[in-house]
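Listed below, chain by chain, are the residues.
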Amino acid sequence: MRNAFGANDCRLLCINSSADGAEEHQESPWASYKNGTSNNNQFGCFLNVDDIEELRNTMHDLSSKHIIPHMELKIRVLNQQVSATRKGFRNQIKNLWWRKGKEDTLENPDGSTYTFSSTESQIRVLGDYAFMLRDYELALSNYRLISTDYKLDKAWKYYAGVQEMMGLAYFMLDQSRKDSEYCMENAFTTYLKMGSSGGWNATRCGIWWAEMLKARDQFKDAAGVYCRISGEEPLHSAVMLEQASYCFLFSTPTMLRKYGFHIVLSGDLYMKCDQVKHAIRTYRSALSVFKGTTWNHISDHVHFHIGKWYAFLGMSDEGIKHLLEVLACGHQSKATQELFLREFFRIIEETGKTFEVMRLQLPVINFPLMKVVFEDHRTYASPTAASAKESLWQSLEEDIIPSHSVMKTNWLESQPKILPKKYKESNVCVAGEAIKVDISLKNPLQIPISISNVSLICKHSAEYDDTESDANGHLIDYQNNKELRTAVSVSGDFSLETSLFTLSEVDISMRGGETILVQLTVTPKIEGSLKIIGVRWKLSGSVVGVCNFHSDIVRKKVAKGKRKLKQSVKDNLQFLVIKSLPRLEGVIHDLPTTVCAGDLRRLTLELRNPSKISVKNLKMRISHPRFLNVAAQEVKNSEFPSCLEKQASSSQSCSQVDDAKATNSVFVFPETVASSWEAPLRWPLWFRAAASGSISLYITIYYEMEDGSSVITYRTLRMHYNLEVLPSLEVSFQTSRSPSRLQQFLVRMDVINKTASQSFQVHQLSCVGDQWELALLQPIDSVMPLKFLMAGQALSYFFKLKNHRTRGSTEDDISSLATSGRADVSLLDSDSTGLFDASIPPLNLFHHQERVHQERHKQGHGSTVDFILISKSWSDSSAGLPRTTEVLSHHTCHCRIASNSPIWWLMDGPRSVSHDFAAAAFCEINLSMTIYNNSEDAVSVRISTFDSTPSVNPGASGSGDEVGWHHTSNPSEAKVTSPDVTGTRIGKALPTESVSPFIWSGSSSTRVNLEPLTSVEVPLQISVFSPGTFDLSNYSLHWNLVPPSGNEGGRENDSRVSSGTCKGHSYHVTVLQKE
């Protein structure tokens, strides 16, 4: 061979020198993609190190000694030929002249108009050789030379190829980006114009172009190129769109939305080509873009198809995981929701297993509305009592429970010596008493769903365990996971768990968009520690949903930078179970939910103790004693309302309510009625609807256990009732002083029936207090002939009220008045029988509460009076029962019977006098004024009189000083004497215009002092100069309060007026000429 080909052109290569074929080399990266069956032996296993080195040297010599020199020689030869035929001015003119006649020739679609030996082909070979040897300048000059020829010859395929190589040459020279992109654009558009024959060439050109742009960090432009070369063939388009999406991802700034859009389009095209794995890969890449955004529809599309494709590949677990993300798709249409749910259940059925899914989103659990209700020392008679604010109960119980635990949020904090420190962070519950968990479930879909076997997941141990449950798992095979079945209990499936606690189960059907509040219970049976881990349910009988109550869901959030708040007892789901304790059950019988204002009833409180352990030291406190009061034990055996009527044989005076006892709303049950398990305790209560509106009554009952060995030594029973009070009668009073009698008043009572259909019978009106006497001013038949006040009707009553309170009156005098019943007036007939006694419970108890509620700031002087209007109504009979009588009481307190002045006065004297003015020029008339001090303080009163004179203005019709009727006498005969302050009189003839018909002939200023509740009589005198009728109101009374001795500075804080002036009352005297 060396003799034939030469010594330099021949070389001997030895391979496969290994005898055993045990040589190990780097695995070929293409082995997995090689078609056909492969040999069991490793590729290249017979090549040792020397063989590989010999192969390397052989290839190096072949390239450097033969291939490259041959190409260089070829370039020199071709360059000489091209220079001789195409270069130079003469050759260029000759070429243009020769090609001028080819411009009108038809274009050849195949483009094969040049042979290999043609000048154009040789120039193209020269350019390609130069490009391969990295002589880009030479290659570019030859490409330019031949590009014009191809264009003139309309050889578009050759023209596009040369333009493509020119663009690459420009790029490798890195001289002009604009020229390189122009050439690539020319080549690409030319390939596309060629139709299907240039499709693959256009793809190649586009890939080169995109790589050039990516090398210059022009990723956005590169993505546009990839989108342009994505044709109609699905697989080709899928690859190009995937590459375009990556360009959008690497662009600056990152274009995530376009990346996600194009990667999803690529995955969809992959699926059309049955490339399921590539479709899943691209869709999974898009998940990171849509996670945490509001693009719910595209996110649902991606998750749904990934789950569907995983199930197609037989990977059901992964498929279910993705389908779980689209179950709570409330934003989708109803048809789409049905599609998602149907596909999910189809995959579940194909597996043939029962799956237990963590955080299943059907239904959605609203954690902020979750509430845990348990009973330690606090027990509740109803769910409404448990929902009331804890601060309200604490304020109600602060006076009845031991002081050392008033401020404790956890009962165990008051037992530091009994329990270990770690127990203090737990709640306390009692064995045998249910723990209730209210969970809000919402169906986010528009289609109905069925939920069954809803129950709590709990863990019970004999010793305290504070370990947290593992909630990191996402999908658990229920059939194969035995650890889960033994660690938790579902509705008592296992005997071990049922011996420790009992769970409740709930089955519900939820309509589209419906929210349901479900109450689940767990009842521990023995002592130990109990932890509520989560909740479990079954969706449509196919999938078991599990939701763990994480600590960050139910605990309070701590604001950043602030001191850590103390954990609330109800936010902790860990419980310490103690031994069984007595628990009272309480109910108030016959308490109405809707009632009219003023309705007075007798109720019965019933307490039961199901435990065999007795309780003691029972106390009760009521939040609104204005509505509810405790009655005496003897009342329960009497008939209502006849027990409130006055007894004919009774001679007791009206009893006064002990203010201290009435203010203290804590009622202590007698020791003899300690509740045991044998018989219930029944105690009467008085109820009165004091005001209209929505009323909430709170009652707490405190009791202690006979067995003091327990951690909890006392408990409270909390009761809560809501009732609606409707308006009934509106009562108002107006009082005015009698003009002719001291300590007597006129009272007007207006009653309006505010109901829409109910009628009332006004029974009686009573004055509260022993010093009052009340009487009607007109017959009762003339006021209300029908005996009933119809709906919407209004009536007015008029009464005479007399005050018998004086400074010298004795208790016996007042008591005799009280027992006579003069403070009570029947408004039905003149018969006083059948009247209610306002001085006994419950009327006096509720009246005391009304006085406290209606208490007004004391600004005036004198007495006030309280009124009680009692009416009746009859409830409609039902179920054949007789009609019952309902009693209503309306209390009006602190009605003032005096003005801001502390004094009353009355002028007394003759009303008519006859006098002979011819015999005597004037007539003297003696009068007297009785002044009464109505206040509790001593008063100094000064009486000032003023003489009446006519007006000096003749054009005026009257004088401002003239009051009432008067007679104008002959001016020539009129003469008056004006007294001075010392009482001496100076005679002086008055002018015509200033003659007075009468003058005060007594002292013009008189001062008297009155002790509290006393009166004094002051003599007065006038002198009349002519006949006529005269109004003696031209006087005034100036009063001042006299402070008690030693208490001159005590009135600094008194808001009452300490002095004032009162104008005189009208008093007419008629003087006649005696015949």
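Located above this text is the structure these notes cover.
Report follows, based on the coordinates. (Residues numbered from 1 in each chain as written. Predicted model: local features only at pLDDT ≥ 70, side-chain atom pairs only at ≥ 80, totals over all residues. Heavy atoms only, no water.)

### Brief notes about the overall build of the protein chain
Keep this limit in mind: Here a helix means four or more residues in a row that DSSP labels H or I, a strand means two or more in a row labelled E, and each is numbered from the N terminus. The buried label applies to any residue whose accessible area, calculated with a 1.4 Å probe on protein chains only, is under 20% of its type's maximum; exposed applies above 50%, and partly exposed to all values in between. Methods summary: accessible areas were calculated by the Shrake-Rupley approach with a probe of 1.4 Å, and residue burial reflects only the protein chains presented.
Scanning the protein chain from terminus to terminus reveals 24 helices and 43 strands. Here the protein chain holds 1075 residues, and 44% of them are scored as buried. Here the protein chain has roughly 56,900 Å² of accessible surface; of this, 52% comes from carbon and sulfur atoms.

### Side note on the packing of helix 11 (residues 256-272) against helix 13 (residues 296-312)
Test applied: Angles run from 0 to 180 degrees between N-to-C directions of axes, and those axes are lines fitted to C-alpha atoms, restricted for helices to the stretch in contact. Comment on the angle field: the value is read as roughly parallel under 35 degrees, roughly antiparallel over 145, roughly perpendicular from 65 to 115, and oblique elsewhere. Crossing handedness follows the turn of the near helix against the far one: under a right angle anticlockwise gives a left-handed crossing, and clockwise gives a right-handed one. In what follows, residue pairs with any heavy atoms lying within 4.5 Å of each other are defined as contacts.
The contact between helix 11 and helix 13 brings their axes to 12 Å, and the two run at 30 degrees. Considered as vectors, helix 11 and helix 13 are oriented roughly parallel to each other. In this structure, the crossing between helix 11 and helix 13 has a hand that is left-handed. Contact with helix 11, carried on its side by Val264, Gly267 and Met271, involves Ile298, His301, Val302 and Trp309 of helix 13 and no other residues of that element.

### A short note on the environment of Ile365
Along the chain, the position of Ile365 falls in strand 2 (residues 364-373). On the basis of relative accessible area, Ile365 is assigned to the buried category, the value being 12%. For Ile365 and Leu517, which are 152 residues apart along the polypeptide, the C-alpha to C-alpha distance reads 10.0 Å. Ignoring anything within four residues of it in the chain, the contact list for Ile365 reads Ile439, Ser440, Leu441, Val535, Trp537 and Cys547.

### Quick look at the pattern of salt bridges
Convention followed: By convention in these notes, a salt bridge is any Lys or Arg side-chain nitrogen within 4 Å of a carboxyl oxygen on Asp or Glu.
Under the criterion given, the structure shown has 31 salt bridges. With its nearest N and O atoms 2.5 Å apart, the salt bridge here joins Arg281 to Glu242. Of the two residues, Arg281 is situated in helix 12 (residues 276-290) and Glu242 in helix 10 (residues 234-250); the sequence distance between them amounts to 39 residues. Arg281 sits in the partly exposed class, given a relative accessible area of 33%. Note on Glu242: relative accessible area 5%, which makes it buried. Each of Asp376, Arg378, Glu390, Glu397 and Arg718 takes part in a single network of salt bridges with overlapping partners.

### Quick look at the pairing of strand 22 (residues 714-726)
Put simply, the rule is: Note on pairing: DSSP must find at least two bridges between two strands before they are called paired.
In the sheet, strand 3 (residues 378-380) pairs with strand 22 via three bridges, with the strands oriented parallel. Within the sheet, the bridge partner assigned to Tyr380 lies in strand 22 and is Arg718. As judged from the three bridges shared by strand 15 (residues 594-596) and strand 22, these two strands associate in the parallel manner. Looking at strand 22, one finds that Cys596 is bridged to Leu726.

### Observations concerning the sheet that holds strand 34 (residues 938-945)
The antiparallel open sheet is built from four strands, whose spatial order is 38-34-41-42. A single partner strand is all that each edge strand has here, and the edge strands are strand 38 (1005-1010) and strand 42 (1059-1063). Pairwise comparison of adjacent strand axes, ignoring direction, gives a mean angle of 20 degrees for this sheet. In this sheet, strand 38 lies alongside strand 34 in antiparallel orientation, the contact comprising six bridges.

### Notes on the pairing of strand 17 (residues 615-622)
Examined bridge by bridge, strand 17 and strand 21 (residues 693-705) share six bridges and lie antiparallel to one another. The residue of strand 21 that forms the bridge with Met620 is Ile701. Direction of pairing for strand 17 relative to strand 19 (residues 666-668): antiparallel, over a ladder of three bridges. Bridge pairing in strand 19 places Arg621 opposite Val666.

### Concerning the state of the cysteines
The line we're drawing: Cysteine sulfurs are considered disulfide-paired once they come within 2.5 Å of each other.
In this structure the tally under the stated criterion is zero disulfides. In this structure Cys227 is not part of a disulfide, and its nearest cysteine sulfur, from Cys247, lies 8.8 Å away.

### Some words on the sheet that holds strand 5 (residues 435-442)
If you walk across this open sheet you meet the four strands as 2-5-10-8, and the pairing is antiparallel. In this open sheet, the two edge strands, each paired with only one partner strand, are strand 2 and strand 8 (501-503). Adjacent strand axes in the sheet meet at a mean angle of 20 degrees, parallel and antiparallel pairs treated alike. Bridge count between strand 5 and strand 10 (residues 515-524): eight bridges; the pairing is antiparallel. Looking across to strand 10, one finds that Ser440 is bridged to Leu517.

### Things to note about the nonpolar core
Put simply, the rule reads: Nonpolar core, defined: a set of buried Ala, Val, Leu, Ile, Met, Phe, Trp, Tyr and Cys residues in which side-chain atoms within 4.5 Å join the residues together.
Grouped together as the largest cluster of nonpolar side chains are 68 residues, with contacts concentrated most on Phe131, Tyr143, Tyr150, Met166, Tyr226, Val264 and Val302. Once residues within four sequence positions are removed from consideration, Tyr226 is found in contact with Ala210, Glu211, Lys214, Met240, Gln243, Ala244 and Cys247. Residues Leu441, Met510, Leu530 and Phe549 belong to the second largest nonpolar core, which totals 55 residues.

### A few points about the packing of helix 11 against helix 12
As a reminder, the rule being used: In this classification, the charged set is Asp, Glu, Lys and Arg, the nonpolar set is Ala, Val, Leu, Ile, Met, Phe, Trp, Tyr, Cys and Pro, and all remaining amino acids, among them Gly, are polar.
Here helix 11 crosses helix 12 at 160 degrees, and the two axes come no closer than 8 Å. What the angle tells us is that helix 11 and helix 12 run roughly antiparallel. Relative to helix 12, the crossing made by helix 11 is left-handed. Contact residues: helix 11 offers Leu256, Tyr259, Gly260, Ile263, Val264, Ser266, Gly267, Asp268, Tyr270 and Met271, while helix 12 offers Val276, His278, Ala279, Arg281, Thr282, Tyr283, Ser285, Ala286, Val289 and Phe290. When grouped by side-chain class, the residues that make up the contact of helix 11 with helix 12 number 12 nonpolar, six polar and two charged.

### A short note on the side chain of Asp866
The cut-off we apply is this: Side-chain atoms alone can form a polar contact between residues adjacent in sequence; in general such a contact is a pair of N or O atoms within 3.5 Å, and within protein one must be able to donate a hydrogen while the other accepts it.
Relative to the helices and strands, Asp866 is located in strand 29 (residues 864-874). Engagement of the side chain of Asp866 in a polar contact is seen with the backbone nitrogen of His894, the distance being 2.8 Å. Aside from chain neighbours lying at most four places away, what touches Asp866 is Ser766, Cys767, Val768, His847, Arg851, Thr892, Cys893 and His894.

### Notes on the side chain of Asn609
Looking at where Asn609 falls in the secondary structure, it is placed in the loop between strand 16 (599-608) and strand 17. Reaching out from Asn609, the side chain makes a polar contact with the backbone nitrogen of Ser611 at a distance of 3.2 Å.

### Some details on helix 8 (residues 199-215)
Rules: Working rule for helices: expected span equals 1.5 Å times residues minus one.
In this model helix 8 runs 24 Å from its N-terminal to its C-terminal C-alpha over 17 residues, within 8% of the 24 Å that 1.5 Å per residue would give. Within helix 8 the residues assigned to the buried category are Asn201, Ala202, Thr203, Cys205, Gly206, Trp209, Ala210, Met212, Leu213 and Lys214. Of the surrounding elements, those touching the buried residues of helix 8 are helix 6 (156-173), helix 7 (177-193), helix 9 (219-228) and helix 10. In the stretch just after helix 8, Asp217 is the one whose phi turns positive, near 65 degrees.

### Here we look at helix 4 (residues 119-132)
Counted at 1.5 Å a residue, the expected span for helix 4 with its 14 residues is 20 Å, and the 20 Å between its end C-alpha atoms agrees. Taken across its 14 residues, helix 4 has 10 buried, putting it largely inside the fold. One or two steps after helix 4, the chain reaches Arg134, where phi turns positive at roughly 65 degrees.

### Digging into unusual backbone geometry
Residue Pro363 follows Leu362 across a cis peptide bond; omega there is -5 degrees. Locating Pro363 in the fold gives a position in the loop between strand 1 (355-358) and strand 2. In this model, Pro841 is joined to Pro842 through a cis peptide bond whose omega is 5 degrees. Tracing the sequence through the fold places Pro842 in the loop between strand 28 (824-826) and helix 24 (843-853). Positive phi values are uncommon outside glycine, yet Asn617 reaches one of about 55 degrees. Examined against the element boundaries, Asn617 turns out to sit in strand 17. Backbone geometry at His894 places phi at a positive 60 degrees, although glycine is not the residue there. When you line up the elements, His894 lands in strand 30 (residues 885-896).

### Describing the environment of Phe46
Residue placement: Phe46 occurs in the loop between helix 1 (2-5) and helix 2 (49-85). Residue Phe46 is classed as partly exposed on the basis of its relative accessible area of 33%. Note: C-alpha distance between Phe46 and Ser17 (29 residues apart in sequence) is 6.3 Å.

### Describing a nonpolar patch on the surface
To be explicit about the condition: Each patch is built from salt-bridge-free residues with over 30% relative accessible area, joining like charges within 9 Å and nonpolar side chains (Val, Leu, Ile, Met, Phe, Trp, Tyr) within 5 Å.
Residues Met59, Leu62, Ile67 and Ile68 make up a contiguous nonpolar surface patch of about 330 Å² in total accessible area. As for its position among the elements, Leu62 is in helix 2. Among the residues examined, Leu62 registers a relative accessible area of 36% and is labelled partly exposed.

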